[in-house]
Amino acid sequence: MSQLTPDSAASASDAAITRAAAANDSATRVETHGIDHIPDAERHGRARDLFAVWAAPNVNFLAVVVGATLVLLGLSLWQALIAIVVGNLFSIITGIVAGSGPAAGAPSEVITRAMYGVRGNRVNVAIAGWLISVCYLAINWAAATTVMVGLLGRFGVPATGWTIAISAILIAAATMVISVYGHGLIMRLYQPLAIVLALIFVVMAAFVISGAQWDFAPAQPLEGIDLMVMMSAGIAIVASGPLSYTNSADFARYLPAHTRVRDVATWTSLGMIIPSIFATFVGALAAATVDMSDPEAGLEQFLPDWFAPVFLISVIVSTIANNAMTAYSSGLALQAVGVRLPRTRTVLLDGTVGVLMTLFALLVWNFLDSVSSALQLAVTVLGPVMGVYLADMLWRRNRYDGMALADESRSSRFWFSGGVHVPGVVAVLGGIAASLLCSSTLVFTGPIAAALGGVDLSVPVGLVVPFALYLVLVRASARSKQSL
């Protein structure tokens, strides 16, 4: 009879632990963890599993709309492609931030206590983690509801208030099921979902490419300062997507603690960049050929009658996938703010707020244009939050004690001064101020942007200024403590 060697026994033990961890994080079980620390015994998976998690929600209709917007701004097809590529490269930042998840075994909403303090972080999470997420939920649900009502119209169902309301509720309900079941379902469902959505979008793209006008040129080509203004605006619009995922560690925190940041960053970034560049350029290509002021109607001009319903269904499904991740993280955000409810209930609470905002927008008062304009300014908050996050990861060499971060008491290592970490707060506020000064949108133009003729530098400035400021302040604070 064969005997186990010490190495083989250890391997068998590790395999058993991995199986037990995977069972606890099952697709068929409601996730029990919220913002609490994930023990080493429950860690499992590989960094490459993150590719599909990020690819599924990024194969979406919103990317097509963004691409069309770039052409509507006056950019040529190839200028739009440059803006698309540069803007999507900011996904690398999202990928790097995700690398803090395995190190801490905690979500981003808890890790940021190291940057702002226990109390200061509640304000950060309430704005950058919860409020902006709920606004995105409402906007995406409203767009998907419009598509669903149009799809039902193809089968003779009239667009009434009841049709709109029921459609919105059904889409939100599907989203909430995924979000409530949580991490295990997301990790397993999104892999086949990414493949199916990618195939549908490839077919859609083939129809667009075959009928596209590749030699498109704007009636009045942009030059000089006008070109710089629109290019900077286009890059900011594209970059706002990846920078909105300040919570990317939420989906990496179950990975083993020894998982390398490089691997997490690579697979997260690729999962975002590849489908987003593809879908966004297809939108730009379509806008170069037909009127895309109504993106859904514009795309249907390329599609045969049999394929249009399939594509519209994929739009709804991809929106559900995108919003499920948003709702999942916004539920964690509520817990981090201090709402003493289980994650399942905070997710449902967020979903309820999002549905009410969606129905109000669709049935009572169309305020989505105002919200969309406000979200253009959201990058002036999200960029600085990301800048401070990156700086703290560098400062600490990505060494985070998840158990210590879970401590919210006054004796916590992360209580700092009155619950506030002054360097983090000063850096993020300084970054927001600098980003606003350089911002150029429909609703606001900062004095620096105005002096530059409307060139929008809010994204690079909003990242670099708080990054540098935080490192200077935190090092000064450390030297001050050493001298006492």
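It should be noted that the structure appears before, not after, this text.
Let me begin by describing the structure that accompanies this report. Here the residue numbering is sequential within each chain, running from 1 through the sequence in written order. Two thresholds apply to this predicted model, a pLDDT of at least 70 for residue-level local features and 80 or more for giving and counting side-chain atom pairs, whereas whole-chain, interface and lining totals are computed over all residues. Heavy atoms throughout the structure, all of them, feed into the side-chain values; hydrogens and water do not.

### Points about the pattern of salt bridges
Pairing is possible between side chains that carry opposite charge, provided their charged atoms lie close to one another. Formally: The rule for a salt bridge is simple: a side-chain nitrogen of Lys or Arg has to be within 4 Å of a carboxyl oxygen of Asp or Glu. A run of H or I in DSSP becomes a helix once it reaches four residues, and a run of E becomes a strand once it reaches two; helices and strands are each numbered from the N terminus.
Taken as a whole, this structure holds 10 salt bridges when the rule is applied. Here Arg343 and Glu31 are joined by a salt bridge, their closest N and O atoms 3.9 Å apart. Here Glu31 lies in the loop between helix 1 (6-24) and helix 2 (50-58) and Arg343 lies in helix 16 (residues 343-364), a separation of 312 residues in the sequence. A salt bridge links Glu408 to Arg113; the shortest N-O distance between them is 3.5 Å.

### A word on the packing of helix 9 (residues 118-153) against helix 15 (residues 308-337)
For any two helices packed against each other, the geometry is given by the interaxial angle and the distance between the axes. Threshold: To obtain an axis, a line is fitted to C-alpha atoms, over the contacting stretch when the element is a helix, and the angle between two such axes runs from 0 to 180 degrees between their N-to-C directions. Note that the term roughly parallel is reserved for angles under 35 degrees, roughly antiparallel for angles over 145, roughly perpendicular for angles of 65 to 115, and oblique for everything else. Each crossing gets its handedness from the near helix: less than a right angle anticlockwise from the far helix is left-handed, clockwise is right-handed. Nonpolar residues are Ala, Val, Leu, Ile, Met, Phe, Trp, Tyr, Cys and Pro. Charged residues are Asp, Glu, Lys and Arg, and all others, Gly as well, are polar.
For the pair helix 9 and helix 15, interaxial distance at closest approach is 8 Å and the crossing angle is 160°. With respect to their mutual orientation, helix 9 and helix 15 come out roughly antiparallel. Once helix 9 is placed against helix 15, the crossing between them reads as left-handed. Residues of the contact of helix 9 with helix 15, tallied by class, amount to 20 nonpolar, eight polar and one charged.

### A look at the packing of helix 2 against helix 11 (residues 183-210)
In plain terms, the rule: Here, residues are in contact when the closest pair of their heavy atoms is within 4.5 Å.
For the pair helix 2 and helix 11, interaxial distance at closest approach is 8 Å and the crossing angle is 55°. Taken together, the axis directions place helix 2 and helix 11 in an arrangement best described as oblique. In terms of crossing hand, the pair formed by helix 2 and helix 11 is left-handed. Counting all contacts with helix 2, which are made through Ala52, Val53, Ala55, Ala56 and Pro57, the residues of helix 11 involved are Ile186, Met187, Tyr190, Gln191, Ala194 and Leu197. In terms of residue class, the contact of helix 2 with helix 11 is made up of 10 nonpolar, one polar and no charged.

### A look at the nonpolar core
Rule in force here: Nonpolar cores are built from buried Ala, Val, Leu, Ile, Met, Phe, Trp, Tyr and Cys residues. Side-chain atoms within 4.5 Å join them into one set. Buried, partly exposed and exposed residues are distinguished by accessible area as a fraction of the type maximum, computed with a 1.4 Å probe on protein chains only: under 20%, between the cut-offs, and over 50%, respectively.
In this structure, Ile111, Tyr190, Met204, Leu243, Leu299 and Phe311 are the most contacted members of the largest nonpolar core, which totals 125 residues. It is helix 11 that contributes the most residues to this core, 12 residues altogether. For Leu299, the residues in contact, after removing those within four places along its chain, are Phe61, Val64, Met204, Val208, Ala286, Met292 and Phe311.

### Examining the side chain of Ser439
Summarising the element assignment, Ser439 is placed in the loop between helix 19 (422-437) and helix 20 (447-451). Once residues within four sequence positions are removed from consideration, Ser439 is found in contact with Leu377, Thr380, Phe444, Thr445, Gly446, Ala449, Asp456 and Ser458.

### Topic: the environment of Ala287
If you trace the backbone, Ala287 turns up in helix 13 (residues 261-287). We classify Ala287 as buried; its relative accessible area is 11%. Between the C-alpha atoms of Ala287 and Thr32, which are 255 residues apart in sequence, the distance is 45 Å. The residues touching Ala287, leaving out its near neighbours within four places in the chain, are Ala68, Val71 and Met292.

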